[in-house]
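A look at the structure
Next come the chains, spelled out residue by residue.
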Amino acid sequence: MSGVNQVAFMNQRSFGPPAAPAAIGAAYGGGFYAGMYLTGDVYYFLVICPAAAGATTNKKYQTNTTTVSGADSVIDGAQNTADLIAAATTHDAASFCNDINTGGYTDWYLPAKNELEMLYYNFKPTTESNRTSPASGANGNAVPSRSNYTSGDPSQTSVSVFQTGGSEAFVDAIHWSSTETASNAAAGQRFDDGQQEPLLKTSRNRVRAVRRVAA
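If you're wondering where the values come from, they're calculated on a predicted model, not measured in any experiment. Residue numbering note: each chain is counted from 1, following its sequence as written. This being a predicted model, a pLDDT of at least 70 is required before a residue's local features are given, and a value of 80 or more before pairs of side-chain atoms are given or counted; all residues contribute to the totals for chains, interfaces and linings. Remark: hydrogens and water are excluded; side-chain values derive from all non-hydrogen atoms of the structure.

We now examine the overall build of the protein chain. Numbering of helices and strands runs from the N terminus, with a helix taken as a DSSP run of H or I at least four residues long and a strand as a DSSP run of E at least two residues long. Of the regular secondary structure elements, the protein chain holds five helices and nine strands. When its helices and strands are written in sequence order, the protein chain yields α-β-β-β-α-β-α-α-α-β-β-β-β-β. Considered along the principal axes of its C-alpha atoms, the protein chain spans approximately 50 × 40 × 35 Å. Counting over 215 residues, the protein chain shows a buried share of 46%. Any two residues having at least one pair of non-hydrogen atoms within 4.5 Å are treated as being in contact. Residue pairs at least 24 apart in sequence account for 66% of intrachain contacts in the protein chain once pairs closer than 6 positions are excluded. Method for areas: the Shrake-Rupley scheme with a 1.4 Å probe, in which residue coverage is limited to the protein chains shown. As presented, the protein chain carries roughly 9300 Å² of accessible surface, and 49% of it is formed by carbon and sulfur atoms. Charge convention: Lys and Arg are scored as positive, Asp and Glu as negative, and His as well as the terminal groups of each chain are ignored. Charge positions are represented by NZ for Lys, CZ for Arg, CG for Asp and CD for Glu. Taken together, the 14 basic and 17 acidic charged side chains of the protein chain have centroids lying 3 Å from each other. The classification of residues rests on relative accessible area computed with a 1.4 Å probe and restricted to protein chains. Under 20% of the type maximum is buried, over 50% is exposed, and intermediate values are partly exposed.

Laid out in structure tokens, this is it:
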């Protein structure tokens, strides 16, 4: 690590996380600022792709049920997506995200489980109560970190364009993450009640692409 980077790193760790680049939901990085997360010792700013380019439905995670080496990270969706694209089998959801070119950026990817959870927590579209059994929502990578959902936390987002009916709103249905959980399953999250669950890879669900910016 260079002297300059080492000083920056020491300052970051001494005084806590960096300042957010924008308010949650504000235009940023080719899309909308979705929050900060920490992986190892590195902070990232998460960016949601605009719905017109980055949202789709009816995508399979994988066309068969073989294990993909390396695609099991709960926080590094960029690496998961790269591993899925490099595999010999077809990965519709990851390929959709990987092929996006919008906002001046081409580094969009399918979010990992904890990145997808951040999207639900910060942009929950409905006023519906969160499901609390089975427990969902614990996220040690979010900044600040969070425990499991309660029936009222998270509440509906205050960002109007992400509320149900808004131009950027998540559909209150299951969305894929890029996190493989078994040879035949990957993690998904419901955007109506927040439930996190393993889903059969060959099932068809919704997708919303993201990108990240090192803080």
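Next comes the rest of the description.
Along the chain, asparagine 114 turns up in helix H5 (residues 113-123). What makes asparagine 114 buried here is its relative accessible area of 7%. Polar contact is defined as a pair of N or O atoms within 3.5 Å, subject to the rule that within protein one atom must be able to donate a hydrogen and the other to accept it, and that residues adjacent in sequence are counted only when both atoms are side-chain atoms. A polar contact of 2.8 Å, which involves the side chain of asparagine 114, links it to the side chain of asparagine 141. If near-sequence neighbours (up to four positions away) are discounted, asparagine 114 is found in contact with Val74, Ile75, Ala138, Asn139 and Asn141.

Attention now moves to unusual backbone geometry. Here the residue pair serine 133 and proline 134 is connected by a cis peptide bond, since its omega of 0° sits within 30 degrees of zero. Locating proline 134 in the fold gives a position in the loop between H5 and strand E5 (174-182). Each neighbour pair has its own omega, and for valine 143 with proline 144 the value is 0°, a cis peptide bond. Within the secondary structure, proline 144 is located in the loop between H5 and E5.

What follows concerns H5. With nine of eleven residues buried, H5 lies mostly within the body of the structure. Taken together, the buried positions of H5 are occupied by Asn114, Glu115, Leu116, Glu117, Met118, Leu119, Tyr120, Asn122 and Phe123.

Moving on: the pattern of salt bridges. A pairing counts as a salt bridge when a side-chain nitrogen of Lys or Arg comes within 4 Å of a carboxyl oxygen of Asp or Glu. Evaluation of the coordinates by the stated rule reveals seven salt bridges. Among the salt bridges present, the one from arginine 131 reaches aspartate 193, with a minimum N-O distance of 3.1 Å. With arginine 131 in the loop between H5 and E5 and aspartate 193 in the loop between strand E6 (185-190) and strand E7 (196-200), this pair connects stretches of sequence that are 62 residues apart. According to the relative accessible area criterion, aspartate 193 is buried, its value standing at 6%.

This part covers the packing of aromatic side chains. Aromatic pairing here means that ring centres of Phe, Tyr or Trp (its six-membered ring) are within 6.5 Å. Orientation follows from the plane angle: under 30 degrees is stacked, over 60 is edge-to-face, and everything else is tilted. Applying the stated rule across the entire model yields eleven aromatic pairs. Members of the aromatic cluster, connected to one another through ring pairs, are Phe32, Tyr120, Phe123, Tyr149, Phe162, Phe170 and Phe191. Against the face of phenylalanine 170 rests arginine 208, its NZ or CZ located 4.8 Å from the ring centre. Definition used: whenever NZ (Lys) or CZ (Arg) falls within 6 Å of the ring centre and also within 35 degrees of the ring normal, the charge is taken to sit over that ring.

Two pairing modes exist for strands in a sheet, parallel and antiparallel, and in both the strands are linked by backbone hydrogen bonds. Any two strands with at least two DSSP bridges between them are considered paired. Strand order in the open sheet made by the four strands is E1-E2-E3-E9, with antiparallel pairing throughout. Strands with a single pairing partner mark the edges of an open sheet, and in this sheet they are strand E1 (27-28) and strand E9 (210-214).

Considering the arrangement of structural elements, one finds arginine 190 in strand E6. Note on arginine 190: relative accessible area 25%, which makes it partly exposed. Along the backbone, arginine 190 and isoleucine 174 are 16 residues apart, and their C-alpha atoms lie at a distance of 4.2 Å. With residues up to four places along the chain from it excluded, the contact list for arginine 190 reads Tyr120, Ala173, Ile174, Gln195 and Glu197.

The next subject is the pairing of E7. Taken together, the five bridges between E6 and E7 define a ladder with antiparallel strand orientation. Bridge pairing in E7 links glutamine 189 to glutamine 196. The hairpin turn running from E6 into E7, its antiparallel successor, is five residues long, and glycine 194 in that turn takes a positive phi close to 85°.

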